[in-house]
Amino acid sequence: MSLLAAEASVQLTNALEKLIDSGIQLGERVLGALIIFVIGKFLVNWLNRLFARILEKRKVDPSIQTFLKSMVNILLLIMLILAVIGKLGIELTGFAALLASAGVAIGMALSGNLQNFAGGLIILLFRPYKIGDFIDASTGASGTVKEIQIFHTILITPDNKMIYVPNGPMSSGVITNYSKLDTRRIEWNFGVDYGEDFTKVEKVLRTIIADEKRILKTPAPFIELGELAASSVNIKVRVWVNSADYWDVFFYINQVVYATFNKEGINFPFPQLTVHQAKD
């Protein structure tokens with residue numbers, strides 16, 4: 001009995017020693033992986049900033065900058081994750097085999113992102129828009145382009161909301177770019193009462209337009225009688241301005257026309273109905 005007890009004691013001691021050694025090794029791996037993660041995260045951030053400075057120094061287009069910075073950041077993070085996994089003692093070959101065995105499921109899960117990545121490349125290649133452009137997308141989103149990342153385009157709406165739009169639909173859908181061209185046409189329909197002198201109304205409108213320096217002389221302003229509506233005579237006015245002046249000129253001319261028409265005695269119409277009573 002004493003011999004069996006001694007052997008059991010030795011086996012228990014060996015097992016405890018192995019358990020302690022395994023625990024120490026595991027702790028060392030976890031501590032090493034943690035150190036690698038902390039230092040690696042610092043290096044990733046530093047390399048991202050360095051890469052951004054290089055792009056800015058070389059005056060790379062801002063749209064391409066955001067795409068490249070997003071892609072480099074993801075690649076660096078993948079490298080960091082692989083380094084941490086390797087330090088933990090997980091065989092990368094086994095890890096790769098596991099990913100390969102689940103390739104179909106992963107491919108299906110990432111198919112949308114792969115389309116978005118390809119869409120981002122198409123956007124940068126054909127450049128339907130760039131950072132700073134105001135666009136309307138067929139997805140229903142509209143705003144000023146803030147960033148073009150590898151999977152998403154970030155828009156800032158006029159009321160300062162941030163929208164992330166997948167690059168796939170952006171590259172294959174309809175995009176209306178309001179900032180692409182240098183000039184834009186503004187159009188108004190000013191209604192006046194029936195009986196107003198069209199020649200007088202036209203003269204007043206041409207004077208207002210001539211006094212506004214932001215309205216371009218070429219193409220020449222267009223003023224014609226556009227429509228004889230149910231309760232108004234509608235005067236159609238078209239002018240060209242620099243794209244940056246579009247809304248300022250639009251609202252300003254509305255104010256000036258309202259004030260000037262009142263001053264000149266030109267009446268604005270309002271819906272009215274004439275009722276004729278039949279005689280018995």
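Residues numbered from 1 in each chain as written. Predicted model: local features only at pLDDT ≥ 70, side-chain atom pairs only at ≥ 80, totals over all residues. Heavy atoms only, no water.

This paragraph deals with the overall build of the chain. A tally of helices and strands in the chain yields 7 helices and 8 strands. Put simply, 66% of the contacts in the chain that link residues at least 6 apart link residues at least 24 apart. When the accessible surface of the chain is totalled, it reaches about 18500 Å², and 63% of it is carbon and sulfur. (Helix = DSSP H or I, 4+ residues; strand = E, 2+ residues; numbered from the N terminus. Contact = heavy atoms within 4.5 Å. Areas by Shrake-Rupley, 256 points an atom, 1.4 Å probe, with all protein chains shown as cover.)

Another point: a nonpolar patch on the surface. Together, Leu31, Leu34, Ile35, Phe37, Val38, Ile39, Phe42, Leu43, Trp46 and Leu47 make up an exposed nonpolar region whose accessible area comes to about 960 Å². Mapped onto the secondary structure, Phe37 falls in helix α1 (residues 2–57). (Patch = residues over 30% accessible without salt bridge, like charges linked within 9 Å, V, L, I, M, F, W, Y side chains within 5 Å. Salt bridge = Lys/Arg side-chain N within 4 Å of Asp/Glu carboxyl O.)

What follows is about the sheet that holds strand β6 (residues 183–192). Ordered in space as β6-β8-β7, the 3 strands form an open sheet in which the pairing is antiparallel. Two strands in the sheet have a free side with no partner beyond their single neighbour: β6 and β7 (222–228). Between one strand axis and the next, the sheet turns through 25° on average, direction left out of account. Here β7 runs beside strand β8 (residues 233–242); their pairing, made up of 6 bridges, is antiparallel. If you follow Glu227 over to β8, its bridge partner there is Asn234. Those strands touched by helix α7 (residues 246–264) are β6 and β8, and its axis lies near 25° from that of β6. (Pairing = 2+ DSSP bridges. Axes fitted to C-alpha atoms, helices over the stretch in contact; angles between N-to-C directions.)

On inspection of all chains with the given rule, the structure shows 9 aromatic pairs. With centroids separated by 5.9 Å and ring planes inclined at 55°, the aromatic side chains of Phe134 and Tyr178 adopt a geometry described as tilted. One end of the pair, Phe134, is in strand β1 (residues 134–137); the other, Tyr178, is in the loop between β5 (175–177) and β6, with 44 residues separating them in the sequence. The exposure class of Tyr178 is partly exposed, given its relative accessible area of 29%. Plain terms: the ring middles of Tyr258 and Phe268 are 5.7 Å apart, the flat faces sit at 25° to each other, and that makes the pair stacked. A residue pair is termed long-range when its members are at least 10 positions apart, and Tyr258 in helix α7 and Phe268 in the segment after α7 qualify at 10 residues. In this structure Tyr258 comes out as exposed when scored by relative accessible area, which is 52%. Taking relative accessible area as the criterion, Phe268 reaches 28% and is therefore assigned partly exposed. Taken together, the aromatic side chains of Trp188, Phe190, Tyr246, Trp247, Phe250 and Phe251 make up a single cluster linked through ring pairs. Against the face of Tyr246 rests Arg184, its NZ or CZ located 3.8 Å from the ring centre. In this structure, Arg238 packs its charged tip against the face of Phe222, placed 5.3 Å from the ring centre. (Phe/Tyr/Trp six-rings, centres within 6.5 Å; stacked < 30°, edge-to-face > 60°. Buried < 20%, exposed > 50% of the residue type's maximum accessible area, 1.4 Å probe, protein only. Lys NZ or Arg CZ within 6 Å of the ring centre and 35° of its normal.)

Taken together, 5 strands build an open sheet; the order of strands is β4-β3-β2-β1-β5 and the sheet is antiparallel. Single-partner strands in this sheet number two, and they are β4 (162–166) and β5. Neighbour-to-neighbour, the strand axes of the sheet open up by a mean angle of 45°, direction not taken into account. In the sheet, strand β2 (residues 142–148) pairs with strand β3 (residues 152–156) via 4 bridges, with the strands oriented antiparallel. Its bridge partner being in β3, Thr144 is matched across the sheet by Ile156.

This brings us to the pattern of salt bridges. Counted by the stated rule, this structure contains 8 salt bridges. Close ionic contact of Asp159 with Lys161 constitutes a salt bridge, the shortest N to O distance being 3.6 Å. For Arg185, the salt bridge identified is with Glu187, shortest N-O distance 3.3 Å. For Glu187, a relative accessible area of 31% puts it in the partly exposed group.

On to the side chain of Thr260. Mapped onto the elements of the fold, Thr260 is located in helix α7. Setting aside its immediate chain neighbours within four residues, Thr260 contacts Val204 and Ile208.

Membership of the largest hydrophobic core comes to 24 residues, with the highest contact counts inside it found for Ile186, Trp188, Leu205, Val237, Ile253 and Phe261. Considering every element that reaches this core, the biggest residue donor is α7, with 7 residues. Not counting residues within four places of it along the chain, the set of residues in contact with Phe261 comprises Val192, Val201, Val204, Leu205, Ile266 and Phe268. (Core = buried A, V, L, I, M, F, W, Y, C linked by side-chain atoms within 4.5 Å.)

The next subject is α7. The end-to-end C-alpha separation of α7 is 27 Å, in line with the 27 Å expected for 19 residues at 1.5 Å each. Those residues of α7 that sit buried are Tyr246, Val249, Phe250, Ile253, Val256, Val257, Thr260 and Phe261. All buried residues of α7 fall inside an arc of 140° around its axis, so they share one side. Pointing more than 90 degrees away from the buried face of α7 are the exposed residues Gln255, Tyr258 and Lys263. Contacts made by the buried residues of α7 are with β6, α6 (198–211) and β8. After α7 finishes, the residue Gly265 shows a positive phi value of roughly 75°. (Expected span 1.5 Å × (residues − 1). Arc of directions from axis to C-beta.)

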